[in-house]
Amino acid sequence: MVRKNRNMGDRSTILVNEGDLMILRTVNKTDRDLSIGEIQDKLKMSHVSFKVHFRRLIKLKFLTKSRVEGMNKYILKITPLGKKLLELF
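Now for a quick tour of the structure. (Residues numbered from 1 in each chain as written. Predicted model: local features only at pLDDT ≥ 70, side-chain atom pairs only at ≥ 80, totals over all residues. Heavy atoms only, no water.)

### With respect to the overall build of the protein chain
Then, in step 1: A tally of regular secondary structure across the protein chain gives 4 helices and 5 strands.
Then, in step 2: Scanning the protein chain from its N terminus toward the C terminus, one meets helices and strands in the order β-β-α-β-α-α-β-β-α.
Then, in step 3: The proportion of buried residues among the 89 residues of the protein chain is 34%.
Then, in step 4: Within the protein chain, counting contacts between residues at least 6 apart in sequence, those at least 24 apart form 43% of the total. (Helix = DSSP H or I, 4+ residues; strand = E, 2+ residues; numbered from the N terminus. Buried < 20%, exposed > 50% of the residue type's maximum accessible area, 1.4 Å probe, protein only. Contact = heavy atoms within 4.5 Å.)

Below, the structure is given as structure tokens:
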């Protein structure tokens with residue numbers, strides 16, 4: 001578990017947790033682009049729980065979200081920063 005600097009003014013002290021790492025590992029090891037729904041189904045996470053995790057990972061720049069043209073679908077991709085985080089864990 002990685003902790004934030006306490007001087008940041010945020011009440012939360014945990015930067016990433018096990019759920020975040022599960023999502024990063026899943027996105028990192030897939031051969032093709034997976035949609036948000038496909039990753040959620042693969043991990044068997046509830047919609048609300050998954051949404052909290054992936055929004056945090058996007059905000060922290062560990063993942064990017066991009067829209068698939070012509071479809072109401074988004075895919076998640078791991079960033080170089082996300083890959084570095086996985087190297088630590």
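### Overview of the nonpolar core
Then, in step 1: Core analysis: the largest hydrophobic core is formed by 20 residues, its most contacted members being I23, L24, F50, L63 and L76.
Then, in step 2: For this core, the secondary-structure elements that each account for two or more residues are β2 (14-16), α1 (18-29), α2 (36-43), α3 (47-59), β5 (74-78) and α4 (80-88).
Then, in step 3: Of all the elements, α1 adds the most residues to this core, at 4 residues.
Then, in step 4: The contacts of I23, once residues within four sequence positions are left out, are L43, M45, F50, H53, F54, L57 and L63. (Core = buried A, V, L, I, M, F, W, Y, C linked by side-chain atoms within 4.5 Å.)

The analysis is restricted to geometry; functional conclusions fall outside its scope.
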